[in-house]
Amino acid sequence: MEQFLILCRQVIGAEHVITNEFDMLPFVTDWRQRATGKALAVLKPGSTNEVAELVNLCGQFSISIVPQGGNTGLVLGSIPDQSGKAVILSLRRLNRIREIDIANNTMTVEAGCLLAQVQEEAQHAERLYPLSLASEGSCTIGGNLSTNAGGTAVLRYGNARELCLGVEVVTASGDIWDGLRGLRKDNTGYDLRDLFIGAEGTLGIITAAVIKLFPLPKSQLTAFAALANPEAAISLLALAQEYCGATLTGFELMSDFCMQLVRKHFPQLPQVFSNAYPQYVLIELSSHDTAERGSEQMEKLFAIAMDRDIVLDMVVANSLAQSQSLWQLRENISSAQAAEGKNIKHDISIPTSHIAVFISETDALLKQAYPDCRMVTFGHLGDGNLHYNVSPPANIKDTDFILNQKEINAIVHDSVHHFNGSISAEHGLGALKKEEILRYKSPIEIQLMRSIKNALDPNQLMNPGKVI
Ligand SMILES: Cc1cc2nc3c(=O)[nH]c(=O)nc-3n(C[C@H](O)[C@H](O)[C@H](O)COP(=O)(O)OP(=O)(O)OC[C@H]3O[C@@H](n4cnc5c(N)ncnc54)[C@H](O)[C@@H]3O)c2cc1C
């Protein structure tokens, strides 16, 4: 392997080939620090041509490649296994904004650009790039596309796939495919772009993308509502869609237990209501009209919702600071949960019409099997996407409870399947759910996925052990 590393150093410079175990640690350890793999080296190319040369070298030496962006993925997709035979190919040095086309409302960016950097560049150009994740300060556009990331604005703008018009890819054979087309219509055969989006690095390496921009909204309005149950949240969502139309940007559900955890671990955040209620919803409207128009819509929505007893109490933020603190209540649920101890996480989606019954039936199944387990249920209700997490009963050690993970996953995922849902709504499969998915996809779907993998990566060098 020394010859391989010498050639890598010739291609990208010795300073961009990391082989020291200590320096590789952040690259081989996953974000939640659940797993640490081993790598032959971390390679940090600085251009698409260098990526292609490295992929060619890997092909010659039969070395597998784990592409990596910000390493914020949650399904163990961006770290290598224990063999120490793979290289991590970090895209972080490909971080240039290549072009902003205001008239076409597009931006061409390299894969290693941070999401937050892209959002800021768009804002400087008086445009919006609406993808929004709590990890936006660390995750990259290449990672967002490879996981088809979702986040809090999918309801209005769609997920990463819907925000992308073209990609540049280094294929598993080391060729460069320039698919950087800024076209909103292009029916010229199979959609290769969509194959690479959501492929989690198993089919090729995304090196750049043309992403969609939107006019900046003139005003944003955030409200927090208290409700009796998830059924009321579904009714409120339908009302919000009816009365607010395209201004409805975010609709997030969180249970009282989520808020209890946030209050415990982030006491500096506001207590919105003096009473506790079973469920809460955070609503965001973004208007291209005047700020008054947004307020009128919100007022009308809540007047009707109160009148129909859908909403028990509500607060509308009257300043940017208040809006941000309401969002922080939502965005700190994961951290509050982590501070409380280990729990068993699920990232699921269900047709919105069935979400309430899914929650009550699955909660009941879990409580039957694990009395007093505590549900941390929250998420992007507007997209039918819940983070449906199971915390141990208060008197049981988290490390003991985690031993039930397989059985708990089976209860939750079987229920998801029963409602025709997905066991991975926005995080992908990675290594974590690769086996689990075999229980739910039909043999023909698995066979088609394998055929695509074999056609695009016949030597199985691209992110082995992930997805399929
Ligand atoms: C606090 C927190 C909040 C989060 N919130 C959300 C959320 O709301 N919605 C959501 O969808 N996700 C969320 N995530 C998950 C994660 O941030 C996203 O999956 C993100 O898109 C990953 O980007 P990354 O650059 O970190 O990719 P990485 O973690 O580095 O990689 C993810 C996968 O993509 C592959 N990959 C990375 N770059 C490339 C490339 N250029 N070409 C080919 N393959 C590549 C990797 O091999 C891996 O399989 C969250 C994570 C954290 C830590």
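Quick caveat: nothing in here was measured; it's all calculated off a predicted structure.

**Brief notes about the overall build of the protein**
- Secondary structure summary: the protein contains 16 helices and 18 strands in total.
- For the protein, the C-alpha atoms occupy an extent of roughly 70 × 55 × 45 Å along the three principal directions.
- Looking at the protein as a whole, 47% of its 468 residues are labelled buried.
- Counted over contacts in the protein with a minimum sequence separation of 6, partners at least 24 positions apart contribute 74%.

**Observations regarding the sheet that holds strand β9 (residues 176-179)**
- Judged by pairing direction, the sheet is antiparallel, and its 5 strands sit side by side in the order β5-β6-β10-β8-β9 without closing on themselves. Looking at the sheet topology across the chains shown, the edges are occupied by β5 (97-101) and β9. Going across the sheet, the axis of each strand differs from the next one's by a mean of 15 degrees, ignoring polarity.
- Of the pairings in the sheet, the one linking strand β6 (residues 106-110) to strand β10 (residues 204-212) comprises 5 bridges and is antiparallel in character. If you follow M107 over to β10, its bridge partner there is I211.

**Observations regarding unusual backbone geometry**
- A positive phi angle is found at N463, which is not glycine, with a value near 40 degrees.
- Exposure remark for N463: the 29 C-beta atoms within 10 Å place this residue in the buried category.
- Although it is not a glycine, V467 sits at a positive phi angle of roughly 65 degrees.
- Along the polypeptide, V467 turns up in the segment after α16 (443-456).

**Some details on the domain arrangement of the protein**
- Considered domain by domain, the protein is made up of domain 1 (2-90), domain 2 (97-215), domain 3 (219-334) and domain 4 (341-427).
- A C-alpha centroid distance of 30 Å is found between domain 2 and domain 3.
- Residue-level contacts link 6 residues of domain 2 with 9 residues of domain 3.
- Residues belonging to the side of domain 2 that touches domain 3 are distributed by class as follows: 4 nonpolar, 1 polar and 1 charged.

**A short note on the site of the ligand**
- Near the ligand you find 37 residues, and of these G69, G73, G77, G142 and G143 are the closest.
- Sorting the residues of the shell around the ligand by element identifies β3 (65-68), α5 (141-147) and β10 as the ones contributing at least two each.
- The leading source of residues in the shell around the ligand is α5, at 5 residues.
- Taken together, the residues that form the shell around the ligand break down as 12 nonpolar, 22 polar and 3 charged.
- The residues that make up the shell around the ligand include at least three from each of domain 1 (2-90) and domain 2 (97-215).

**Some details on helix α3 (residues 48-60)**
- Taking 1.5 Å of rise per residue, the 13 residues of α3 would be expected to cover 18 Å, and the 19 Å separating its terminal C-alpha atoms lies within 8% of that figure.
- Of the positions making up α3, those classed as buried are E50, V51, A52, L54, V55, L57 and C58.
- Directly beyond the C-terminal end of α3, a positive phi value near 50 degrees is found at S62.

**Structural notes on the sheet that holds strand β1 (residues 17-18)**
- Read from one edge of the open sheet, 4 strands run β1-β2-β4-β3, paired in mixed fashion. Each of the sheet's edge strands pairs with one partner strand only, and the pair in question is β1 and β3.
- Alignment of strand β2 (residues 41-43) against strand β4 (residues 87-90), held across 3 bridges, turns out to be parallel. Following the sheet pairing, L43 is matched in β4 by L89.

**Some remarks on the nonpolar core**
- Residues A39, V87, L89, C164 and A209 are the most contacted members of the largest nonpolar core, which totals 68 residues.
- When residues of this core are assigned to domains, at least three map to each of domain 1 (2-90) and domain 2 (97-215).
- Here A209 is in contact with V109, A111, I141, L145, C164, G166 and V167, once residues within four sequence places are set aside.
- Core analysis: the next-biggest nonpolar cluster, separate from the first, contains 59 residues, M259, V262, F358 and L386 among them.

**Section: the environment of T290**
- Tracing the sequence through the fold places T290 in the loop between β14 (279-287) and α10 (291-307).
- For the pair T290 and L115, spaced 175 residues apart in sequence, the C-alpha to C-alpha distance is 28 Å.
- Excluding anything up to four places from it in sequence, T290 contacts K218 and S219.

**Examining helix α12 (residues 333-340)**
- By the burial criterion, the buried members of α12 are I333, S334, A336 and Q337. Each buried residue of α12 lies within a common arc of 165 degrees when the element is viewed along its axis, so the set occupies one face.
- Packed against the buried residues of α12 are β13 (248-255), α9 (256-265), α11 (320-331), β17 (374-380) and β18 (385-391).
- G341 lies just past α12 and shows a positive phi near 135 degrees.

**Observations regarding the pairing of β3**
- Burial along β3 is two-sided: I65 and P67 and V66 and Q68, pointing in opposite directions, are all buried.
- The pairing of β3 with β4 spans 4 bridges and is classified as parallel. Each bridged residue has a counterpart across the sheet, and for V66 the counterpart in β4 is I88.

**Notes on the environment of A125**
- Its location among the elements puts A125 in the loop between α4 (115-124) and β7 (127-128).
- Spatially, the C-alpha atom of A125 lies 45 Å from that of L438, the residues being 313 residues apart in sequence.
- With sequence-adjacent residues up to four places away left out, A125 is seen in contact with I100 and I102.

**Regarding the packing of helix α13 (residues 355-369) against helix α15 (residues 405-418)**
- Where α13 meets α15, the closest approach of the two axes is 10 Å, and the angle between their N-to-C directions is 155 degrees. Relative to α15, the element α13 lies roughly antiparallel. Crossing of α13 over α15 shows right-handed handedness. Mapping the contact onto sequence places F358, E361, T362, L365, L366 and A369 in α13 and I408, I411, V412 and S415 in α15.

**Some remarks on the packing of helix α8 (residues 230-244) against α13**
- Taken N-terminus to C-terminus, the directions of α8 and α13 make an angle of 165 degrees; their axes are 8 Å apart at the nearest point. By the angle between their axes, α8 is roughly antiparallel relative to α13. Considering only the axes of α8 and α13, their crossing is right-handed. Of the residues in α13, those in contact with P230, E231 and I234 of α8 are I355, A356 and I359.
- For the contact of α8 with α13, the per-class residue count stands at 5 nonpolar, no polar and 1 charged.

Parameters at a glance
Residues numbered from 1 in each chain as written. Predicted model: local features only at pLDDT ≥ 70, side-chain atom pairs only at ≥ 80, totals over all residues. Helix = DSSP H or I, 4+ residues; strand = E, 2+ residues; numbered from the N terminus. Buried ≥ 20, exposed ≤ 12 C-beta atoms within 10 Å, placed from the backbone. Contact = placed C-beta atoms within 7 Å. Pairing = 2+ DSSP bridges. Axes fitted to C-alpha atoms, helices over the stretch in contact; angles between N-to-C directions. Domains from an automatic or database assignment. Nonpolar A, V, L, I, M, F, W, Y, C, P; charged D, E, K, R; others polar. Near = placed C-beta within 6 Å. Expected span 1.5 Å × (residues − 1). Core = buried A, V, L, I, M, F, W, Y, C linked by C-beta atoms within 7 Å. Arc of directions from axis to C-beta. Parallel < 35°, antiparallel > 145°, perpendicular 65-115°, else oblique. Left-handed = near helix turned anticlockwise from the far one by under 90°.

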